[in-house]
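Understanding the architecture of this molecule
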Amino acid sequence: FKLINKGKKTNIIDSMLRMLEQYSSNLEDLIRERTEELEVEKQRTEKLLAEMLPPSVAEALKTGVSVEPEYFDQVTIYFSDIVGFTTISSLSDPIEVVDLLNDLYTLFDAVLGNHDVYKVETIGDAYMVASGLPKRNGNKHAAEIANICVICQKFRSGYGSAYTQ
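Residues numbered from 1 in each chain as written. Predicted model: local features only at pLDDT ≥ 70, side-chain atom pairs only at ≥ 80, totals over all residues. Heavy atoms only, no water.

Counted only if it meets this: UniProt positions are given in the numbering used here, feature names are shortened, and annotations may be inferred rather than shown by experiment.
If you check an unreviewed UniProt entry, the chain appears there as guanylate cyclase from Cirrhinus mrigala. On record in UniProt, under Subcellular location (unreviewed entry), the comment for the chain is "Membrane".

Here it is, written out as structure tokens:
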């Protein structure tokens, strides 16, 4: 008992109160730490959800609202694939392949920001974009996709020659 009180003489009630205060303080610190960890995980989950789903669907799911399937009758979808990617990959170091994809898709993503399109998916060298969903845009969907195709085509030749030499 003297060890707990650092050799000082105190009564048992004071010691117990001191121990309870310390326990309470430690518990508050632990709760604060766990709350911060939970907030970080929540942000990571929300970011992942936003990357996987259209914003309207992600928001509905976060609030617990049921998401009903919709029919879109005016949509254009763009699929992109790097011709010769397997050959380029086999002749390149892994970091060169990562740099190629990162550079190319960073450029594509920047182009998309100026158009009424939605990036559906990027897997490896495949890139998929849609216009007319999840936000309907009337008859503009085909023109929006055509515009991004023209812009991306202008950059294609520069990337092809830079990474295949």
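Having put the structure on the table, let's press on.
1. Some thoughts on the packing of aromatic side chains
The relative placement of two aromatic rings is captured by the distance of their centres and the angle of their planes. To keep things clear, this is the line we draw: The pairing test for Phe, Tyr and Trp rings, Trp by its six-membered ring, is centres within 6.5 Å, and the orientation test on the planes gives stacked under 30 degrees, edge-to-face over 60, and tilted for anything in between. We count a stretch as a helix when DSSP gives it H or I for four or more residues in a row; a strand needs E for two or more, and each element gets its number in order from the N terminus. Relative accessibility thresholds used throughout: buried, under 20% of the residue-type maximum; exposed, over 50%; partly exposed, between the two (1.4 Å probe, protein chains only).
In total, this model carries three aromatic pairs according to the counting rule given. With a centroid separation of 5.8 Å and 50° between ring planes, the pair formed by Tyr105 and Phe108 is classed as tilted. Taken together, the positions of Tyr105 and Phe108, both in helix H4 (residues 94-112) and three residues apart, correspond to about one turn of that helix. Classification of Phe108 by relative accessible area gives buried; the value is 6%. Centroid distance Phe108 to Tyr127: 5.0 Å. Interplanar angle 70°. Geometry classified as edge-to-face. Of this pair, Phe108 sits in helix H4 while Tyr127 is found in strand S3 (residues 126-131), placing the two residues 19 residues apart along the sequence. Here Phe108 matches Tyr127 in class, with each residue buried. A connected cluster of aromatic rings, assembled from ring pairs, spans Tyr105, Phe108 and Tyr127.

2. Remarks on H4
For the record, the criterion: The span you would expect from a helix comes to 1.5 Å times its residue count less one. The directions considered for the arc run from the helix axis to the C-beta atoms.
Compared with the 27 Å implied by 1.5 Å per residue over 19 residues, the 27 Å span of H4 between its first and last C-alpha is a close match. Among the residues making up H4, those that are buried are Val97, Leu100, Leu101, Leu104, Tyr105, Leu107, Phe108, Val111 and Leu112. All buried residues of H4 project into a common sector of 150° when viewed along the axis, lining one side.

3. Description of the pattern of salt bridges
Condition: Take a side-chain nitrogen of Lys or Arg and a carboxyl oxygen of Asp or Glu: if they are within 4 Å of each other, that pair is a salt bridge.
Tallied over the entire structure, the rule returns nine salt bridges. The salt bridge involving Arg34 is made with Glu37; its shortest N-O contact spans 3.9 Å. Of this pair, Arg34 and Glu37 both sit in helix H1 (residues 12-52), three residues apart, which is roughly one turn of the helix. You can call Arg34 partly exposed: its relative accessible area is 46%. We classify Glu37 as partly exposed; its relative accessible area is 40%. Its salt-bridge partner being Glu41, residue Arg44 comes within 2.8 Å of it at the nearest N-O pair. Of the two residues, Arg44 and Glu41 both sit in helix H1, three residues apart, roughly one turn of that helix. In the salt-bridge network here, residues are joined through shared partners; they are Glu33, Arg34 and Glu37.

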